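Tertiary structure, described
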Amino acid sequence: MFQPEIINLRTTVAANDEAIISETVRQKGVLTRVTIHFPPGASALVDVAVKAENEQIVPVEGFIALDDVTPTFNIARAIEAGREVSARIRNGDGANPHTISVIIENTPRELFERR
């Protein structure tokens, strides 16, 4: 049976640094959820933007920066197998590294269409 693909983009970003992490999507589907974990102490100093291919999907523009929360964003963005999803993470905290997790759910089209 068809199973959602869970893509975990997780990295630790050093103080006053940034990182772009990416992964190739394994199956054709629909990106249905993006969950971002902001750890305690991020204090809205760590900015995150998520892209599918070259289109920013969360937030639609700019960056999101929070503290000690794990929001989930429901989306519906079709994607083909072999395409790239990525997260750009900027750490504006001058003293501490921060580990951010971005979890993207890719639902097979067959499952998405049954909803």
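See the structure shown above.
Basis of the calculations
Residues numbered from 1 in each chain as written. Predicted model: local features only at pLDDT ≥ 70, side-chain atom pairs only at ≥ 80, totals over all residues. Heavy atoms only, no water. Helix = DSSP H or I, 4+ residues; strand = E, 2+ residues; numbered from the N terminus. Rg over C-alpha atoms; globule rule 2.2 N^0.38 Å. Buried < 20%, exposed > 50% of the residue type's maximum accessible area, 1.4 Å probe, protein only. Contact = heavy atoms within 4.5 Å. Areas by Shrake-Rupley, 256 points an atom, 1.4 Å probe, with all protein chains shown as cover. Core = buried A, V, L, I, M, F, W, Y, C linked by side-chain atoms within 4.5 Å. Pairing = 2+ DSSP bridges. Axes fitted to C-alpha atoms, helices over the stretch in contact; angles between N-to-C directions.

What the chain contains, in helices and strands, is 1 helix and 8 strands. Ordered by position from N to C terminus, the α and β elements of the chain give β-β-β-β-β-β-β-β-α. Taken over the C-alpha trace, the chain has a radius of gyration of 14 Å; the compact-globule value for 115 residues is 13 Å, and the two agree within 12%. Considering only C-alpha atoms, the chain reaches an extent of 45 × 25 × 25 Å along its principal axes. Relative to its full complement of 115 residues, the chain shows a buried share of 40%. Put simply, of all contacts in the chain between residues at least 6 apart along the chain, 79% involve residues at least 24 apart. Put simply, the chain shows about 6,100 Å² of open surface, and 47% of that area lies on carbon and sulfur atoms.

This brings us to the nonpolar core. Among the nonpolar cores identified, the biggest contains 26 residues, and Val34, Ile36, Val48, Val50, Val102 and Ile104 are the most heavily contacted of them. Those elements that place two or more of their residues in this core are strand S1 (5-13), strand S2 (17-24), strand S3 (29-37), strand S4 (46-52), strand S5 (55-58), strand S6 (72-79), strand S7 (84-91) and strand S8 (98-108). With 4 residues, S4 is the largest single contributor of residues to this core.

Pairing is antiparallel in the open sheet, where 4 strands are placed in the order S2-S7-S4-S5. The open sheet has two edge strands, S2 and S5, and neither has a second partner. When strand polarity is set aside, the average angle formed by the axes of neighbouring strands in this sheet is 30°.

Once that is clear, we can look at the sheet that holds S8. Hydrogen bonds between backbone groups are what pair the strands of a sheet, and the pairing can be parallel or antiparallel. Pairing is antiparallel in the open sheet, where 4 strands are placed in the order S1-S8-S3-S6. Lying at the two open borders of the sheet, with one neighbouring strand each, are S1 and S6. Ignoring strand direction, the axes of neighbouring strands in this sheet form an average angle of 20°. Pairing of S1 with S8, which is carried by 9 bridges, proceeds in the antiparallel orientation. Across the sheet, Thr11 pairs through a bridge with Ile100, a residue of S8.

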